[in-house]
Amino acid sequence: DEDGKVLYQGSSFIKPVYSNYINRQTMNFLSIDNSVFDDACSYIEFYQLLERLIKEYNPKIIAWGRNDCLNIEKSFKLNHLKPLDVRSRYMNLMHVIKNYYNYKQEMGLFNTYQEMTNKDMEKQSHDALEDAIVERDIFHMFKEEINK
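Residues numbered from 1 in each chain as written. Predicted model: local features only at pLDDT ≥ 70, side-chain atom pairs only at ≥ 80, totals over all residues. Heavy atoms only, no water.

### What about the packing of helix α5 (residues 109-117) against helix α6 (residues 128-146)?
Then step 1. Between α5 and α6, the shortest axis-to-axis distance is 10 Å and the interhelical angle comes to 40°. Relative to α6, α5 is oriented oblique. In this structure, α5 crosses over α6, and the sense of that crossing is left-handed. Of α6, the residues touching α5 (which contributes Leu109, Phe110, Thr112, Tyr113, Met116 and Thr117) are Glu130, Asp131, Val134, Glu135, Asp137, Ile138, Met141 and Phe142.
Then step 2. For the contact of α5 with α6, the residue count by class is eight nonpolar, two polar and four charged. (Axes fitted to C-alpha atoms, helices over the stretch in contact; angles between N-to-C directions. Helix = DSSP H or I, 4+ residues; strand = E, 2+ residues; numbered from the N terminus. Parallel < 35°, antiparallel > 145°, perpendicular 65-115°, else oblique. Left-handed = near helix turned anticlockwise from the far one by under 90°. Contact = heavy atoms within 4.5 Å. Nonpolar A, V, L, I, M, F, W, Y, C, P; charged D, E, K, R; others polar.)

As structure tokens, this is what we get:
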């Protein structure tokens, strides 16, 4: 919320529409195997949760880069569902920080965190929840910085 209190936090893989849709290279990169999808939610469960959160909280969607927004929009088409209002809520925090500090190139999420905190990060696990928590920390540090 506007005070920084977490209103909802959850994590789940989403079952692929097609059983072999995720290639081996992606599975190796994420250090996962097909068993992670045993307890995964369906796409419709994810869609309904996102829809409910949008209706209930009218949130801004803050992400690192453009791909999350583009992929969510593609997922609506792929699953033949009415697009949710994502784009008008979307903020690319990486772009905002890049422009604010006049960086010449984009920085990665974990590199930005390390620079802002002067702390070395452990190896990145490519876990969406971990990334979201790191991004939330960056957002609050950045907000504090610009409000000084």
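Let's pick the thread back up.
### Observations concerning the nonpolar core
Then step 1. By size, the foremost hydrophobic cluster in this structure holds 11 residues: Tyr43, Tyr47, Leu50, Ile54, Ile61, Ala63, Cys69, Phe76, Leu84, Val86 and Tyr90.
Then step 2. Where this core is concerned, the elements lending two or more residues are α2 (43-57), β1 (61-63) and α3 (67-78).
Then step 3. Counting residues in each nonpolar core, the second largest holds 10 residues, with Leu93, Ile97, Leu109 and Phe142 among its members. (Core = buried A, V, L, I, M, F, W, Y, C linked by side-chain atoms within 4.5 Å. Buried < 20%, exposed > 50% of the residue type's maximum accessible area, 1.4 Å probe, protein only.)

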